[in-house]
Amino acid sequence: MFKLNKALYGLRQAPRAWYDKLSSFLIENDFVRGKVDNTLFRKEFKYDFIIVQIYVDDIIFGATNEQLCKKFSSMMQEEFEMSMMRELKFFLGLQILQSDKGIKIHQTKYTKELLKRFKMDDAKEMKTPMHPSSTLTLDEDSPNVDQMQYRPMIGSLLYLTASRPDIMFSVCVYARFQVESREVHLKVVKRIFRYLKGTINTGLFFRRSQYFSLLGYCDADYPGDRWERKSTSGGCHFMGNCLVSWTSKRQSTIALSTYEAEYVSAGHCCTQLLWLKHQLEDYDIHEGNIPIMCDNTAAINLSKNPVMHSRSKHIEIKHHFIRDYVQRGTIELLFINTEEQLADIFTKPLPEDRFVSLRLSLGLEPITE
């Protein structure tokens, strides 16, 4: 029989035991736990506040007053055995640069390691991650490839999408062929690495601002998947001028028309914006009317007019929840021209000029130390 003294590593219940101990300590010291994100803690003072974010045994904290950071660091070191890493520069594979103008997040080091690992560091550079006319299917005539080679490539690229939304769509498309991967699929995956070779230092720039209003863009490609004839939903979500979330996903059902695919995509965008809205409430930021930009008027009208039964009776009920939030005034669908639709990059392969233009609009730019 052994008495357990520490439960931080090696046991399945270790993370929960550590979280319970740490959260109890913070609450005892007048920190308030987030209602949506239980790993977020906030403590307010007269004119300042401090925010603490926990990820297992890693802790990120920031405050409006530098003295609060020093006091928190001393308090934690007195209670726990931990080291202070000073200003945040590296976290979970993300490289972070902080300045008076804003914060830059990139994965340059990780990208270089990927190119070297898969022997693509000497490959010829490409301007886009996917050819504009690319239409992949399950090509049974193409030879099989080793899944132990294909799957690690996809998994590594999926992790890279944390700071590279420009490769989100292409990686998600190629991830569909992990079970039946062929030589033709491996060839196009290598094109992504060739694109990364020419954009190694690219990352997201979050400009300093006091503007925190939420804004969403939603789009759909009907039918984007030539294999199962299903549409592809894409969306990006901004807080102020900063891109904070993005998605590209094949829809679960086959849409019968373009407006139906756009309507389902708007519903997906709505769920993400509602989650962000509730997250901001933990930071004492309350959002009211949140606009979603859509380039399909029929989908916009369907969200506002529940009487259009003949055109929507076959759509699954779960996709109609957006109507409730539109009627409450929480969400508002607005029309935008296709040329200004930023979510276009998450639904289909694009020509080089259009791709580069949208990439810049999303806040992706070369990062210099």
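The structure displayed is predicted, hence computed values, not measured ones.

Chemist: Please explain the overall build of the protein chain as it appears in this structure.
Modeler: Across its full length, the protein chain carries eleven helices and 14 strands. In terms of C-alpha radius of gyration, the protein chain reaches 23 Å, essentially the compact-globule figure of 21 Å for 369 residues. Overall size of the protein chain, expressed as C-alpha extent along the three principal axes, is 65 × 55 × 50 Å. Buried residues in the protein chain amount to 47% of all 369 residues. Put simply, 67% of the contacts in the protein chain that link residues at least 6 apart link residues at least 24 apart. In the protein chain, the 49 positive side-chain charges and the 46 negative ones have mean positions that sit 2 Å from each other.

Chemist: How should I be thinking about the pairing of strand β4 (residues 58-63) in this particular structure?
Modeler: Of the pairings in the sheet, the one linking strand β3 (residues 49-55) to β4 comprises six bridges and is antiparallel in character. Each residue of the ladder has a partner; that of I54, found in β4, is I59. The hairpin turn running from β3 into β4, its antiparallel successor, is two residues long, and V56 in that turn takes a positive phi close to 55°.

Chemist: Help me understand empty space enclosed by the protein in this model?
Modeler: Enumeration according to the criterion identifies one cavity of 30 Å³ or more in this entry. By volume, the largest cavity is sized at about 80 Å³. Around the largest cavity, the lining residues are T128, P129, M130, D166, F169, S170, I345, K348, P349, L350 and F355. Residues that form the lining of the largest cavity fall into these classes: seven nonpolar, two polar and two charged.

Chemist: Teacher, can you tell me more about the sheet that holds strand β6 (residues 94-98) here?
Modeler: Hydrogen bonds between backbone groups are what pair the strands of a sheet, and the pairing can be parallel or antiparallel. Taken in spatial order, the five strands of this open sheet run β5-β6-β7-β8-β14, and their pairing is antiparallel. Each edge of the open sheet is held by one strand with a lone partner, namely β5 (90-91) and β14 (364-366). Bridge analysis of strand β8 (residues 202-207) against β14 gives three bridges, and the strand direction is antiparallel. Among the inter-strand pairings, L204 is bridged to a residue of β14, identified as L364.

Chemist: Explain the sheet that holds strand β2 (residues 40-44) to me, please; I cannot follow it from the model alone.
Modeler: Strand order in the open sheet formed by four strands is β1-β2-β3-β4, with antiparallel pairing between adjacent strands. Unpaired on one side and paired on the other, β1 (32-33) and β4 mark the two borders of the sheet. Along the sheet, helix α1 (residues 14-28) contacts β1, β2, β3 and β4; its crossing angle with β2, the most-contacted strand, is approximately 10°. Sheet contacts for helix α2 (residues 66-79): β3 and β4; angle to β4, the most-contacted strand, approximately 150°.

Chemist: Any chance you could explain the nonpolar core here in plain terms?
Modeler: The nonpolar side chains of soluble globular proteins are, as a tendency, buried together. Of all hydrophobic cores here, the largest spans 53 residues; its most connected members are Y150, Y174, V189, F193, Y217, C236 and L362. Look past the residues within four positions of Y174 in its chain and what remains in contact with it is P129, M130, S134, L136, Y150, I154, V188, V189 and I192. Of all hydrophobic cores here, the second largest spans 22 residues; its members include L273, L276, I292 and I315.

Chemist: Explain the packing of aromatic side chains to me, please; I cannot follow it from the model alone.
Modeler: In this structure the tally under the stated criterion is ten aromatic pairs. On the numbers, 5.9 Å between centres and 80° between planes, the contact of F321 with Y325 is edge-to-face. Here F321 and its partner Y325 are both found in helix α10 (residues 321-328), four residues apart, which amounts to about one turn of the helix. Take Y325: its relative accessible area is 22%, and that puts it in the partly exposed class. Positioned over the ring face of F205 is K104, at 5.3 Å from the centre of the ring. Its end group placed over the ring of Y325, R328 keeps NZ or CZ at 4.7 Å from the ring centre.

Criteria and cut-off values
- Residues numbered from 1 in each chain as written.
- Predicted model: local features only at pLDDT ≥ 70, side-chain atom pairs only at ≥ 80, totals over all residues.
- Heavy atoms only, no water.
- Helix = DSSP H or I, 4+ residues; strand = E, 2+ residues; numbered from the N terminus.
- Rg over C-alpha atoms; globule rule 2.2 N^0.38 Å.
- Buried < 20%, exposed > 50% of the residue type's maximum accessible area, 1.4 Å probe, protein only.
- Contact = heavy atoms within 4.5 Å.
- Lys, Arg positive; Asp, Glu negative; His and termini not counted.
- Charge placed at Lys NZ, Arg CZ, Asp CG, Glu CD.
- Pairing = 2+ DSSP bridges.
- 1 Å grid on protein atoms, 1.4 Å probe; cavity = no way out; pocket = protein on both sides within 12 Å on 5 of 7 lines; lining within 4 Å.
- Points joined across faces, edges and corners; volume = space filled by probe spheres on them.
- Nonpolar A, V, L, I, M, F, W, Y, C, P; charged D, E, K, R; others polar.
- Axes fitted to C-alpha atoms, helices over the stretch in contact; angles between N-to-C directions.
- Core = buried A, V, L, I, M, F, W, Y, C linked by side-chain atoms within 4.5 Å.
- Phe/Tyr/Trp six-rings, centres within 6.5 Å; stacked < 30°, edge-to-face > 60°.
- Lys NZ or Arg CZ within 6 Å of the ring centre and 35° of its normal.

Nothing here speaks to function; it is geometry throughout.
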